[in-house]
Amino acid sequence: MNGERMCARCALRCHLENVLPPTPDGLLEPLRDAIMQAEPKTTRRWLSRNTDLLGGLHDGTIPLTHGSLDLLPRPKSVDYLRSLLVATGILDPDVHRTLRRLETALPHLLNGLDTGHRRLASQWTHWAVLPRLRGLESHRPIGTAVQNARCQILQVIQFLNTLERRGTEMHHCAQSDIDAWFAEPGASRWHIRPFLTWAQRTRHLPKEITLPKERRAHAELPTDAEDRWQIGRRLIHDESLDPVDRLAGALVALYAQPLRRIVSLTTADVIATATTTGLRLGPTDVLDLPDPFAAIARKLPLKRRTGTAEQLPTTWLFAGGHAGKPLSATSLGNRLRAIGIEPRKLRLSATEQLARELPPSVLAGILGLNAHTVAKHTFKTNGQWANYAADRRP
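This report concerns the structure included in the present document. A quick note: this is a predicted structure, and the numbers were derived from the prediction, not measured.

**Section: the nonpolar core**
Then, in step 1: The biggest cluster of nonpolar side chains holds 36 residues, and the ones touching the most others in it are Phe159, Leu160, Met170, Phe195 and Leu196.
Then, in step 2: Residue assignment for this core shows that the elements contributing at least two residues are helix H7 (97-110), helix H8 (115-137), helix H9 (143-165), helix H10 (175-183) and helix H11 (193-201).
Then, in step 3: Take this core: its biggest share by element is nine residues, from H9.
Then, in step 4: Beyond its immediate stretch of four places on either side in the chain, Leu160 contacts Leu113, His117, Ala121, Met170 and Phe195.
Then, in step 5: Grouped together as the second largest cluster of nonpolar side chains are 34 residues, Ile231, Leu241, Ala253 and Ile339 included.

What follows is the structure in structure tokens.
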């Protein structure tokens, strides 16, 4: 180019055409516009890191299926690209992926056990763990349930490894082996109890073994009422806080919303008129938001970065870092804790306050709980609606 320096956008176009030669019917063509609209410098680096992956999908050497993507190295990079492919309609959503990943990982997880214990653990996962997860999958997202199941499996493997080091088979397990396991500190050790119950029921564990009762976690204390109002005032007035954290924190502190419901909100749930802004929290429940939270809700989702994912439209109010996905409840909880908000404790405090002021039937709709559960909060706090006739059980 006669010594002339190419502009950043033109350099990105050249780089992209080297990685994905333009073809009218190319599989990845729908992704091209989003890549070209992204920030050139960081996007070129992303292209360089993923040249083999993008090129393989483009020329067909890597099949464009979720199963083939699961087998590739660098899972974080693959998952980011997978979300782009789904968001642009190149790849259909994979509703079974969370459970399939666990099923795929099981042989590797169990590989360290000896033959007998590996067979036993496989039977438990095949007949007890996976069927339960498949049943849940037809009704709701099961990401948390799968994560909990994985923790159970890992603890069971650790328990069976402990038996192996002692030269003990499961069917010869003694009461002292069980007692020694549960005597060690750590709540995670109780994860093996469902496995032991199953093993006893299927006669792999002697029936005379006495299992400990279910572990009860210590009741979490709610945030002090004065601290809760200080948090509320800070969320109202502190403009240095991220708008996402301000609105999410307010929904927890003032309206006792669970994080899983907050991250599921979409732009369609914001109902704005000339004078008011409402937030739909259920099929019939609309919460009137005061400023500054009303103004924040109208501006969400925020476009934080200039990468490829951010060039694609999203309807999630609390958009995540991957295309077409919201923030996870775990990520949102970590964000709030980073600014001094303990979501669960704060929500307990808000629930107790609201239970003093609203009848259970009304509060149930706001909190997303059944009226009986909310009524227990009302009686616990001696709320003015404790004897509300419409909420009494016959």
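**Some thoughts on helix H17 (residues 343-357)**
In an α-helix, one full turn covers 3.6 residues, which means residues spaced three or four apart are oriented alike.
Then, in step 1: Taking 1.5 Å per residue, 15 residues should reach 21 Å; H17 reaches 21 Å between its end C-alpha atoms and fits that length.
Then, in step 2: If you check which residues of H17 are buried, you get Pro343, Leu346, Ser349, Ala350, Thr351, Glu352, Leu354 and Ala355.

**Considering a positive patch on the surface**
Then, in step 1: There is a patch of like positive charges on the surface, built from Lys41, Arg45, Arg49 and Arg74.
Then, in step 2: A residue is classified by how much of its surface remains accessible, and Arg49, at 52% relative accessible area, is exposed.

**Things to note about the pattern of salt bridges**
Then, in step 1: Inspection of every chain in the model, using the stated rule, returns 15 salt bridges.
Then, in step 2: One salt bridge in this structure joins Asp94 and Arg100, with 2.5 Å as the shortest N-O distance.
Then, in step 3: Judged by its relative accessible area of 24%, Arg100 is partly exposed.
Then, in step 4: One salt bridge connects Arg233 with Glu226, and the closest N-O pair in it is separated by 3.2 Å.
Then, in step 5: When salt bridges that share partners are traced, they join Asp70, Asp79, Arg82, Asp94, Arg97, Arg100 and Arg101 into one network.

Reading the values: the criteria
- Starting from 1, residues in each chain are numbered consecutively following that chain's sequence as written.
- At least 70 in pLDDT is required for a residue's local features to be given in this predicted model, at least 80 for side-chain atom pairs to be given and counted, and no such filter applies to totals for whole chains, interfaces and linings, which use all residues.
- Hydrogen atoms and water are omitted, and side-chain values are computed over all heavy atoms in the structure.
- Buried Ala, Val, Leu, Ile, Met, Phe, Trp, Tyr and Cys residues form a nonpolar core when they are joined through side-chain atoms within 4.5 Å.
- Relative accessibility thresholds used throughout: buried, under 20% of the residue-type maximum; exposed, over 50%; partly exposed, between the two (1.4 Å probe, protein chains only).
- Comment: elements are numbered from the N terminus, with helices defined as DSSP H or I runs of at least four residues and strands as E runs of at least two.
- Two residues qualify as a contact provided that any one of their heavy atoms is within 4.5 Å of a heavy atom in the partner residue.
- Expected span of a helix, by definition, is 1.5 Å for each gap between consecutive residues, and there is one gap fewer than residues.
- Residues with no salt bridge and a relative accessible area higher than 30% make up the patches, which join like charges within 9 Å and nonpolar side chains (Val, Leu, Ile, Met, Phe, Trp, Tyr) within 5 Å.
- Note that accessible areas follow from Shrake-Rupley with a 1.4 Å probe, and for residues the cover is restricted to the protein chains shown.
- Salt bridges, as used here, are contacts in which a Lys or Arg side-chain nitrogen is within 4 Å of a carboxyl oxygen on Asp or Glu.
- Only four residue types enter the tally: Lys and Arg on the positive side, Asp and Glu on the negative side, with His and both chain ends excluded.
- Lys charges are placed at NZ, Arg charges at CZ, Asp charges at CG and Glu charges at CD.

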